[in-house]
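Structural overview
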There are 4 protein chains.
Amino acid sequence: MTTEAQQFASDNYAGICPEAWAAMEAANQGHAPAYGDDHWTHTAADAFRTLFETDCEVFFAFNGTAANSLALAALCQSYHSVICSAAAHVETDECGAPEFFSNGSKLLVAQSQDGKLTPEAVRAVATSRSDIHFPKPRVVTITQPTETGQVYTIDEVKALSAVCRELGLKLHMDGARFAHACASLNCDPAEITWRAGVDVLCFGGTKNGMAVGEAVLFFDRALAQDFDYRCKQAGQLASKMRFLAAPWVGMLENGAWLRNAAHANGCARQLAEQIAELPGIELMFPVEANGVFVRASDAVLAELRMRGWRFYTFIGGGARFMFAWDADPARVDQLAADIRAASTATALAA
Amino acid sequence: MTTEAQQFASDNYAGICPEAWAAMEAANQGHAPAYGDDHWTHTAADAFRTLFETDCEVFFAFNGTAANSLALAALCQSYHSVICSAAAHVETDECGAPEFFSNGSKLLVAQSQDGKLTPEAVRAVATSRSDIHFPKPRVVTITQPTETGQVYTIDEVKALSAVCRELGLKLHMDGARFAHACASLNCDPAEITWRAGVDVLCFGGTKNGMAVGEAVLFFDRALAQDFDYRCKQAGQLASKMRFLAAPWVGMLENGAWLRNAAHANGCARQLAEQIAELPGIELMFPVEANGVFVRASDAVLAELRMRGWRFYTFIGGGARFMFAWDADPARVDQLAADIRAASTATALAA
Amino acid sequence: MTTEAQQFASDNYAGICPEAWAAMEAANQGHAPAYGDDHWTHTAADAFRTLFETDCEVFFAFNGTAANSLALAALCQSYHSVICSAAAHVETDECGAPEFFSNGSKLLVAQSQDGKLTPEAVRAVATSRSDIHFPKPRVVTITQPTETGQVYTIDEVKALSAVCRELGLKLHMDGARFAHACASLNCDPAEITWRAGVDVLCFGGTKNGMAVGEAVLFFDRALAQDFDYRCKQAGQLASKMRFLAAPWVGMLENGAWLRNAAHANGCARQLAEQIAELPGIELMFPVEANGVFVRASDAVLAELRMRGWRFYTFIGGGARFMFAWDADPARVDQLAADIRAASTATALAA
Amino acid sequence: MTTEAQQFASDNYAGICPEAWAAMEAANQGHAPAYGDDHWTHTAADAFRTLFETDCEVFFAFNGTAANSLALAALCQSYHSVICSAAAHVETDECGAPEFFSNGSKLLVAQSQDGKLTPEAVRAVATSRSDIHFPKPRVVTITQPTETGQVYTIDEVKALSAVCRELGLKLHMDGARFAHACASLNCDPAEITWRAGVDVLCFGGTKNGMAVGEAVLFFDRALAQDFDYRCKQAGQLASKMRFLAAPWVGMLENGAWLRNAAHANGCARQLAEQIAELPGIELMFPVEANGVFVRASDAVLAELRMRGWRFYTFIGGGARFMFAWDADPARVDQLAADIRAASTATALAA
C-alpha cells in the first residue's frame with residue numbers, strides 16, 4: 001500500500017514512532033505472563049512513577065474514550081455529575097461514553113472562554129443547585145491542552161484545584177495530548193499534575209506516537225481502589241498486556257514522549273508564524289500546542305481543498321490543522337505557502 | 001529482558017506471530033485515516049467475508065471480554081437473559097462484563113456435560129419460566145471450542161440453532177479459539193457458523209497469534225444495526241484502527257490463522273498421546289483443541305512444579321496445559337517426559 | 001396534624017381528590033390477584049383506550065421520573081440520544097434518571113423559545129452531526145404543557161411529529177400535567193397525541209389528584225414490546241397493582257381528570273387577570289395551564305414572603321405559582337391582593 | 001366489583017389494613033410539602049428509629065424490587081458481587097433488577113439448606129477466587145424469613161455477620177416479611193438486625209398490610225451517603241411522599257405491624273397442625289412464618305384445584321399457601337378440611 005502525502009487533518013493519522021516500535025519488538029521475544037503480571041508492565045508503571053516523581057497507581061487502557069470514562073466513573077456514582085467545558089471531548093465526541101461507563105453521571109457544562117475552565121465557572125455550576133433533583137457535582141474535568149490547543153498554566157490548574165478542594169470536588173485531567181502540554185510549558189509533569197492538585201490524569205499514548213494505549217494515573221492512591229476490577233469488567237484489560245506497556249517503556253525511558261510532542265508543537269508554531277499576518281486569515285486560538293485553528297473565508301478553504309489539503313471545518317469558517325510526532329516540516333511549509341497563495345488570490349479577487 | 005523456557009500455563013503467554021507482525025510493520029508506513037476509514041480495515045473486513053463466504057458485517061474490538069459482551073448486549077435488552085453453560089468464560093471469568101455492557105442481562109446456567117450445551121438443556125432453561133419476574137431468554141452462547149478444549153461438531157451446532165430458532169433465541173458463538181475449532185474439525189469456517197445457524201461470532205485473534213484484537217461477525221446484518229456506535233460508546237473504537245486490522249490481513253490472507261491453530265492443536269495431541277496411558281494420569285476431557293486437562297495426584301502435580309512447570313489447577317486435582325501458536329514440540333516432549341517420570345515415581349512410592 | 005393555609009408553591013402539595021380516594025376505597029374490598037392481573041388494572045387500561053379512542057398499550061408506573069425515563073429507554077439504546085429543550089424536566093430535575101434507565105443515552109438540548117421546541121430547532125440538532133462520535137438522535141421529547149405552563153397546539157405537535165417522521169425520530173410526550181393541556185386546548189386527548197403523531201405519552205396522575213402514579217401509553221404497540229419486563233426490572237411493577245390502577249378508573253370514568261385540571265387552570269387565569277396590569281409586575285409566560293410565572297422586584301417578592309407566601313424563584317426575579325386540583329379561589333384572590341399591595345407599596349417607595 | 005372467597009396463593013392478594021388506611025386518610029388533609037419534607041415522613045422515620053432503638057437512616061421506596069436493589073447497589077460497585085442463596089428472591093424473581101440497579105454486580109449463589117445461608121457456605125464462595133476475572137464479593141444478602149418461610153435465629157444471623165466482618169463483607173437483610181420474622185422469634189427488631197450485625201434492612205410494608213411501600217434502614221449511617229440521590233435517580237422518590245410514609249406511622253405506632261404478622265403466622269400454623277399427620281401429605285419446610293409448603297401427589301393437588309383452591313406449585317409436587325394479615329381462620333379450616341378430604345380420597349383410591 002502506498003504512502004500518501006501528509007495531511008494535517010488529525011494527529012491520529014500518524015503511525016507508530018520508532019521508539020514505541022522498537023520496544024514492541026523487544027517485548028515480542030518469547031513468552032510472558034498475561035494480564036499485566038509481566039516485566040514490561042511493571043517497568044512501564046515504574047517509569048511513570050519516576051517521571052512523575054511520586055508513587056502513583058498506574059493502569060493501562062486501550063484508548064482515551066475508555067481511560068477518561070473509567071477514571072470519571074471511579075470518581076463518581078451514577079447520581080453524581082461531572083463539570084466540564086462545552087468543548088470538552090468527553091462532552092462532544094465520546095458518544096455518551098462517560099454516561100455509559102458511569103451508568104448515568106451527567107456532564108454539566110460550565111461557561112468557558114474558548115474551552116478553558118475557570119474557578120469562577122466551576123463554582124457557578126457547582127453551587128447552582130443543592131437539591132436531590134439535580135445530580136450532585138463531584139468531579140471537574142479539564143483537557144490539557146484543550147481541544148483547541150490551549151494550555152492551562154500551572155497557576156491556572158492550581159486555582160482550579162483550589163476551588164475543587166473547597167467544594168469537595170475531584171480534579172481529573174484528560175491528557176490525550178498531555179505530552180504536548182508539558183513540552184509547551186517546559187515543566188516537569190509533576191508540576192502540572194499532582195503538585196498542582198490534579199487527582200487523576202489520563203496520559204495519552206496514541207497521539208504521542210503509539211499504536212494504541214492510554215495510561216491512567218491516580219495520584220491519590222485511595223481513589224484507585226479496585227480500579228483493576230473496573231478495567232477488567234469494562235473490557236479494558238489486555239491479556240497480552242506487555243504490548244500495551246512496552247511502548248511506554250520505549251517512549252518514557254529516553255524522552256521520546258517529550259521530543260515527539262515538542263516536534264509537533266514546533267510544526268504548529270511554524271505554520272502559525274507563516275500565516276498569522278496574512279490578509280483574510282485569522283488564528284482562532286493562541287497556538288500553544290500541536291494544533292492550529294484558522295479562520296478563513298469559504299473561498300480560501302475551497303482553494304485549499306482544491307490544492308489537495310484535507311481538514312476538519314467548524315461553524316463560522318474555521319479549519320483545524322493538527323501536527324503529529326512525525327509531521328514533515330517541508331509539508332508544513334507547503335501548507336503555509338498554499339494558505340498564503342489562497343489568501344492572496346482571494347484578497348485580489350475581492 | 002531474557003526469554004524464559006516455555007510454559008504451557010496459558011496460550012496468552014505467547015507473543016505476536018510473524019505474519020501478524022509483518023502486517024503491522026507494513027501498516028506502519030505513513031499516514032492513514034483514523035477510526036477504521038482506512039485501507040487496512042476495509043481489507044481485513046473483506047478478508048473475513050471471503051473466508052466465511054458471506055457478506056457479513058465485521059467489527060473489531062480490543063479483546064474478548066468486550067467483543068463477547070458487546071455482541072451479547074446487541075442481542076438482548078437489560079431485562080432479557082443469556083443461556084450459557086456453567087463453564088462458560090462469560091459466566092466464570094469476565095468479572096460481570098456481560099452484565100455491565102448489557103446493563104443487567106442475567107446469565108442463566110444450563111446443565112451441561114463438561115461445558116457443552118445441548119438442545120435439551122437449552123430448552124429446559126428457556127421454557128422453565130414465562131412470567132415477567134424472570135428475565136426473558138433471548139440468546140444462547142456457546143464457546144467453540146469450549147473452555148476445556150472440546151469442539152462442537154457441525155451437527156451439534158445445527159441442533160442447537162434449531163432449538164434456538166424454534167424458541168425465538170439468537171445463537172452467539174464465543175470463538176476465543178475459533179481457529180482451533182476449524183483446525184480440529186477440518187471444515188470451512190462457514191460450515192460451523194452461519195451455515196449451521198450461528199447469528200454472531202466473536203473470532204479471537206489474540207490466542208491465535210496477534211498482540212490484541214477480536215473480530216465480531218454478524219451473519220445476520222440486521223442484528224448489527226448501529227453496532228459501530230455501541231463499540232464507540234463502550235471504548236472499543238481504536239483511533240489508529242489499522243493496527244488492529246492489519247494483523248488480520250496478515251493472518252487471513254495466507255492461512256496463518258489456520259496453521260497457527262493446527263500447530264497448537266497438534267502439540268496438545270502430542271502431549272495427550274504420550275501421557276494417556278500413564279498410571280495415575282487421566283485425561284479429564286477429550287483432547288480436541290489446544291488444551292490438555294490432566295487429572296493427577298497432588299504428589300504428581302507437586303513433582304511437576306518442582307521440575308519447573310507452571311500451570312493452573314482445578315478442584316479435584318486437575319492441571320491445565322494450553323499450547324500456543326509457537327509451542328515448542330521439544331518442550332512438549334520434555335513436559336510429557338516429566339509427567340511420565342512424576343507419574344512413575346509416585347506409582348512406585350505408593 | 002393541622003392543615004396549613006394553602007400555598008401555591010407546587011401542585012404536588014395537594015392531596016388525593018375525592019374521586020381517586022373513593023376508587024381506592026372501593027378497590028380495598030377483599031383480595032385480588034397481584035401484579036396487574038386484577039379487574040381494576042384491566043378496567044383502568046380499558047378506560048384509557050376509551051378515552052384515547054385507540055387500542056393503545058397501557059402501563060402504570062409509580063412516578064413521572066420512572067415513567068418518562070422508562071419510556072425514553074424503550075425508544076433508544078444507550079448510544080442514542082434524546083432531543084429536548086433546556087427547560088425540560090428530564091434535563092433539569094431528574095438527577096440523571098433518563099441517563100440511568102437508558103444506561104447512557106445523552107440528552108441533547110435544542111434551542112427553544114421559552115421551553116417550547118420547534119421543528120427547526122429539532123432539525124438543527126438532529127442533523128448537526130452524523131458521525132459515530134456523537135450519539136445518534138432517536139427521540140424527541142416535549143413536555144405538554146411545558147414546565148412554564150405553555151401549551152403546544154395541535155398544529156405545533158403535528159409539525160414536530162412531521163419532522164420526527166422525516167428524520168427517523170420517535171416523539172415522546174411528557175404529560176406530567178397532560179390533563180391541563182387538554183383542558184386548556186379543549187380538545188380530545190387523541191387529537192393532541194396519536195392523531196398528531198405522538199408515539200408515547202406519559203400521562204401524569206399525581207398532579208391531577210392521585211396519591212401516586214403515572215400511566216405510560218404506547219400508541220404504536222410495537223414500541224411496547226417487553227415493556228412489562230422493563231418495568232419489572234426497574235422496580236416499577238406494583239404487587240398490589242389495583243391501588244395504582246383504581247384511582248385512574250375513578251378519575252377517568254366520570255371526568256374528574258378534566259374537571260380537576262380545568263379548575264387548576266382557571267385559578268391560574270384568575271390570578272393572572274388580577275395582576276397582569278399591576279405596576280412592576282410582569283407575566284413571564286403566557287398563562288395557558290395551571291402555573292403563573294411572575295417577574296417582580298426583589299422588594300415585591302420579599303414583601304410577599306413577609307405576608308406568608310412561599311414560592312420558588314428563578315434567576316432574574318421570577319416567582320412561580322402553581323395551582324392544584326383543589327386550589328381555593330378565595331386564597332387565589334388573597335394572593336392577588338397581596339401582590340397588588342406589594343406592588344403598589346414598592347412602586348410608591350420608588 | 002365483587003369480593004371473591006379468600007385464596008392463599010399469595011399474601012400480596014390482600015388489601016390495605018385498617019390502620020394503614022386510617023393513616024392515609026388522616027394524611028389526606030390539606031396540603032403538605034413534597035418529596036419527603038413533610039410531617040408524616042419525619043414522623044415515620046422517627047417511628048422506625050424508636051422501634052429499632054437506634055438512630056438509623058430511613059428511606060422509603062415504592063416496592064421490594066427497588067428497595068433491595070437500591071440497597072445492594074449502595075453496598076457495592078458494578079464489578080463487585082453479592083452472595084445469596086439459590087432460592088433468594090433477588091436471584092429468582094426480580095428479572096435482573098439487582099444487576100440493573102448496580103449496573104452489573106453479579107449474584108453468586110452459595111450452597112444452602114432449604115434457602116438458609118450458613119457461615120460456611122458464605123465463606124466458601126467468598127474465598128473461592130481472588131483474581132480480577134471474578135467479581136469481588138462485597139455483600140451477603142439473606143431473606144428473613146426465607147422465601148420458604150424459615151426464620152434465621154438471632155444466633156444464626158450473628159454467625160453470618162461474624163464471617164462477613166472477617167471477610168470484609170456487608171450484610172443485607174431482605175425483609176419483605178420482616179414483621180413475620182419478628183413475630184415468629186418474639187424478639188425486638190433490634191435484636192435480629194443491627195445488634196446481630198445487619199448493616200442494611202429492607203422492611204416490607206406491602207405484605208404487612210400496606211398498599212405500597214418498603215422502608216430501607218441503614219444502621220451504619222455512613223453507608224447511606226447520598227442514598228437520597230440514588231433513590232431520586234432511580235425513580236423511587238415519591239412527590240406526595242406523605243402517602244408512602246403515613247401508613248408506616250399508622251402501623252408502627254400502635255403495633256399493627258406485629259399483630260398483622262402474628263395473625264398471618266398463626267394461620268400458617270393453624271393449617272400446618274391440621275394437615276401435618278395426614279397420609280400422603282408432607283410439610284416441605286418447618287412452618288416458622290406465614291407460609292406453608294405442602295408436598296402432595298398430583299392427584300391430591302388436582303383435587304384441591306377442583307375444590308376451587310388456587311396456589312403456586314413447585315417442582316416435585318409442592319404447593320405453596322401464604323397467609324396475609326387478614327387471612328380468615330374459617331377459610332384456613334376449610335382449606336385444611338379439603339386437604340384432608342383430598343388426601344384421604346387419594347389414599348383410599350391407591
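- As named in an unreviewed UniProt entry, chain A is L-threonine aldolase, taken from Sphingomonas pokkalii.
- Its UniProt record gives chain A a comment under Function (unreviewed entry), which states: "Catalyzes the cleavage of L-allo-threonine and L-threonine to glycine and acetaldehyde."
- For the record of chain A, the UniProt heading Cofactor (unreviewed entry) holds the text "pyridoxal 5'-phosphate".

**Quick notes on the overall build of chain A**
- When helices and strands are counted, chain A shows 14 helices and 11 strands.
- C-alpha atoms of chain A, sized along the principal axes, occupy 65 × 60 × 30 Å.
- In chain A, of all internal contacts separated by at least 6 residues, the share reaching a separation of at least 24 is 76%.
- Roughly 11600 Å² of accessible area belongs to chain A as shown, and the carbon and sulfur atoms make up 51% of that amount.
- With 27 positive and 40 negative side-chain charges, chain A shows a separation of 3 Å between the mean positions of the two kinds.

**Here we look at the sheet that holds strand S4 (residues 136-143) of chain C**
Residues and elements named next belong to chain C.
- Within the open sheet, the 7 strands sit side by side as S1-S7-S6-S5-S4-S2-S3. Their pairing is mixed. The open sheet is flanked by strand S1 (57-61) and strand S3 (106-110), the only strands paired with a single partner. Each strand axis lies, on average, 25° off the axis of its neighbour in the sheet, ignoring direction.
- Sheet analysis places S4 next to strand S5 (residues 170-175), joined by 5 bridges and oriented parallel. Directly across from Val-140, in S5, lies its bridge partner Leu-171.

**Quick word on the pairing of S5(C)**
- Most of S5(C) sits inside the fold, with 5 of its 6 residues counted as buried.
- Crossover S4(C) to S5(C) through helix H7 (residues 154-167) of chain C is right-handed.

**With respect to the nonpolar core**
- Judged by nonpolar contacts, the single largest core of 146 residues is most densely connected at Phe48(C), Phe60(C), Phe203(C), Phe48(D) and Phe203(D).
- With residues near it in sequence (within four places) discarded, Phe60(C) still touches Thr41(C), Ala44(C), Ala45(C), Phe48(C), Glu214(C), Ala215(C), Gln236(C), Met241(C), Leu244(C), Ala245(C) and Trp248(C).
- Of all hydrophobic cores here, the second largest spans 145 residues; its members include Met24(A), Ile16(B), Val140(B) and Ala246(B).

**Considerations on the relation of the copies chain D and chain C**
- Overlay of chain D on chain C (RMSD 0.0 Å): rotation 180°, translation along the axis 0.0 Å. Considering both components of the superposition, the chain copies are consistent with a two-fold axis. No C-alpha of chain D lies nearer the rotation axis than that of Phe62(D), which sits 3.6 Å from it.
- In this assembly, 100% of the residues forming the interface of chain D have copies in chain C that are likewise at the interface, indicating an isologous arrangement.

**Some words on the interface of chain A and chain D**
- The interface is formed by 24 residues belonging to chain A together with 24 residues belonging to chain D.
- Approximately 2200 Å² of surface area, both sides summed, lies buried where chain A meets chain D, with 47% of it carried by carbon and sulfur atoms.
- Applying the counting rule to chain A against chain D returns 14 residue pairs in polar contact (both at pLDDT 80 or more).
- The set of elements that each furnish at least two residues to the side of chain A that touches chain D consists of helix H5 (97-102), strand S4 (136-143) and helix H10 (227-233) of chain A.
- For the side of chain A that touches chain D, the element with the most residues is H10(A), which contributes 5 residues.
- For the side of chain A that touches chain D, the per-class residue count stands at 8 nonpolar, 9 polar and 7 charged.

**A closer look at the side chain of Ser343(A)**
Residues and elements named next belong to chain A.
- Following the sequence through the fold, Ser-343 ends up in helix H14 (residues 329-349).
- By relative accessible area, which is 2% here, Ser-343 ends up buried.
- A polar side-chain atom of Ser-343 sits 2.6 Å from the main-chain carbonyl oxygen of Pro-279.
- With sequence-adjacent residues up to four places away left out, Ser-343 is seen in contact with Leu-278, Pro-279, Ile-281 and Val-300.

Here is what the cut-offs are and how they apply
Residues numbered from 1 in each chain as written. Chains lettered and ligands numbered in written order. Predicted model: local features only at pLDDT ≥ 70, side-chain atom pairs only at ≥ 80, totals over all residues. Heavy atoms only, no water. UniProt positions renumbered as here; feature names shortened; annotations may be inferred. Helix = DSSP H or I, 4+ residues; strand = E, 2+ residues; numbered from the N terminus. Contact = heavy atoms within 4.5 Å. Areas by Shrake-Rupley, 256 points an atom, 1.4 Å probe, with all protein chains shown as cover. Lys, Arg positive; Asp, Glu negative; His and termini not counted. Charge placed at Lys NZ, Arg CZ, Asp CG, Glu CD. Pairing = 2+ DSSP bridges. Axes fitted to C-alpha atoms, helices over the stretch in contact; angles between N-to-C directions. Buried < 20%, exposed > 50% of the residue type's maximum accessible area, 1.4 Å probe, protein only. Right-handed = clockwise from strand over helix to strand, strands pointing away. Core = buried A, V, L, I, M, F, W, Y, C linked by side-chain atoms within 4.5 Å. Least-squares fit on C-alpha atoms with pLDDT ≥ 70 in both. Buried area = accessible area lost by both parts, 1.4 Å probe. Polar contact = N/O pair within 3.5 Å; in protein donor to acceptor, adjacent residues only side chain to side chain. Nonpolar A, V, L, I, M, F, W, Y, C, P; charged D, E, K, R; others polar.

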